[in-house]
Amino acid sequence: MTHAFFAGNIGSDFDAFLYAEIGEEKSGTMLSVISTLARLDLDPWQEAAQLDSLPDRNATERMASLIAALPDAPTAHRDSGTIAARLIALLPRRAPTNAQPRKTLLNADEVTQFKAGTYMYVGLILFMLAAQWIVNGTQPAAQAGDVGISTPVIAADPPHLNPGVSEK
């Protein structure tokens, strides 16, 4: 498989198709579409997206040829065209045949929520900065030499308050 990273970009839209059973293998286990595509060295999600973009008839023919290409096909006794038609019906609503499906990382609602959240956080930060600026603006300015500790100044008793000392 050459495009394994592609799976993360599509999401779970193709799960019903990819995990659908094709038929029973000789060992008795069920063979799924995803396993079939992987055995054919195809990226399952990319192949599902390509099938989804094709008209029903072309998609059915392509899927039937993929089923028939399996060595020891589990459904050799059944018609691969019938199985392919059933599987193609499991693909999500397909785009018109000429349109390419758009791939976006975020949908419109997620973008709107992201913008609203961003504005809320920016507003909160501006509010906090303004509040800090106001609080700092109302405190008295520090003098040179202040270390932030207030100590009382003790002066000598003025002579007029001490009756035993005479003034000269």
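Conventions we followed
- Within each chain, residue numbers correspond to sequence positions counted from 1 in written order.
- Selection of residues for local features in this predicted model requires a pLDDT of at least 70, selection of side-chain atom pairs for listing and counting requires 80 or more, and totals for whole chains, interfaces and linings are taken over all residues.
- Side-chain numbers here rest on the full set of heavy atoms in the structure, without hydrogens or water.
- In this text, helices come from DSSP runs of H or I with a minimum length of four residues, and strands from runs of E with a minimum of two, each type numbered from the N-terminal end.
- The buried label goes to any residue with under 20% of its type's maximum accessible area, the exposed label to any with over 50%, and the partly exposed label to all in between, with areas taken from a 1.4 Å probe on protein chains only.
- By the convention used here, residues are in contact when the closest approach between their heavy atoms is within 4.5 Å.
- Here the open area of atoms and residues is found with the Shrake-Rupley method and a 1.4 Å probe, where only the protein chains shown may cover a residue.
- At least two DSSP bridges between two strands are needed for those strands to be called paired.
- Read the arc as the range of directions from the helix axis to the C-beta atoms.
- Any pair of nitrogen or oxygen atoms within 3.5 Å is treated as a polar contact; in protein, a donor-acceptor pairing is required on top of that, and neighbouring residues in sequence qualify only through side-chain atoms on both sides.
- Here, a salt bridge means any Lys or Arg side-chain nitrogen found within 4 Å of an Asp or Glu carboxyl oxygen.
- Residue-level confidence of the predictor, termed pLDDT, takes values from 0 up to 100.
- Axis definition: a line fitted to C-alpha atoms, limited for helices to the stretch in contact. Angles are taken between N-to-C directions and run from 0 to 180 degrees.
- Angles below 35 degrees are treated as roughly parallel, those above 145 as roughly antiparallel, those between 65 and 115 as roughly perpendicular, and all remaining angles as oblique.
- The handedness criterion is simple: a crossing whose near helix is rotated anticlockwise from the far helix by less than a right angle is left-handed, and one whose near helix is rotated clockwise is right-handed.
- Residues grouped as a nonpolar core are buried Ala, Val, Leu, Ile, Met, Phe, Trp, Tyr and Cys residues, joined through side-chain atoms within 4.5 Å.

A. Fine view of the overall build of the protein chain. In terms of regular secondary structure, the protein chain is built from 7 helices and 2 strands. In sequence order, the protein chain lays out its α and β elements as α-α-β-β-α-α-α-α-α. Within the protein chain, buried positions represent 23% of all 168 residues. If you take every contact in the protein chain between residues at least 6 apart in sequence, the share linking residues at least 24 apart comes to 61%. Element-wise, carbon and sulfur atoms account for 58% of the exposed surface of the protein chain, whose accessible area totals about 12600 Å².

B. Representation of the pairing of strand β1 (residues 21–24) within the structure. Where β1 meets strand β2 (residues 30–32), 3 bridges bridge the pair, whose relative direction is antiparallel. Bridge pairing in β2 links E21 to S32. The turn joining β1 and β2, which pair antiparallel and follow one another in sequence, is formed by 5 residues; a positive phi near 100 degrees is taken by G28.

C. Up close: helix α6 (residues 80–88). When α6 is considered as a whole, its buried residues turn out to be S80, I83, A84, L87 and I88. Looking straight down α6, one finds that the buried residues subtend no more than 130 degrees of arc, so they occupy a single side.

D. Representation of helix α4 (residues 44–53). Across the 10 residues that make up α4, a large majority, 8, are buried. Buried within α4 are the following residues: P44, W45, E47, A48, A49, L51, D52 and S53. At the N-terminal end of α4, a side-chain oxygen is found 3.0 Å from the backbone nitrogen of W45, two or three residues along, and the residue is D43.

E. The arrangement of the pattern of salt bridges in detail. Tallied over the entire structure, the rule returns 3 salt bridges. Across the pair E25 and R39 runs a salt bridge whose closest N-O atoms are separated by 2.6 Å. Of this pair, E25 sits in the loop between β1 and β2 while R39 sits in helix α3 (residues 33–39), and the two are 14 residues apart along the sequence. Among the residues examined, R39 registers a relative accessible area of 48% and is labelled partly exposed. One salt bridge connects E47 with R62, and the closest N-O pair in it is separated by 2.9 Å. Of the two residues, E47 is situated in helix α4 and R62 in helix α5 (residues 56–68); the sequence distance between them amounts to 15 residues. Residue classification places R62 among the partly exposed residues on the basis of a relative accessible area of 33%.

F. Layout of the confidence of the model for the protein chain. Of all residues in the protein chain, 61% have pLDDT values of 70 or greater, and the mean over the chain is 75. Note on residues 1–9: pLDDT is under 50 here. Beyond four places in sequence and across chains, it has 14 contacts.

G. Seen up close, the packing of α5 against α6. Between α5 and α6, the least distance of the axes is 8 Å, while the angle of their chain directions is 125 degrees. Put simply, α5 runs oblique to α6. Seen from above, α5 lies across α6 with right-handed handedness. Between α5 and α6, the residues in contact are D56, A59, T60, M63, A64, I67 and A68 and S80, G81, I83, A84, A85, L87 and I88, respectively.

H. Local environment of the nonpolar core. Core analysis: the biggest nonpolar cluster contains 22 residues, and F17, L18, V33, M63 and L87 have the highest contact counts within it. When residues of this core are traced back to their parent elements, those giving at least two are α2 (15–18), α3, α4, α5 and α6. In this view, L18 contacts S32, V33, I34, L37, P44, W45 and A48; residues no more than four positions away in its chain are not counted.

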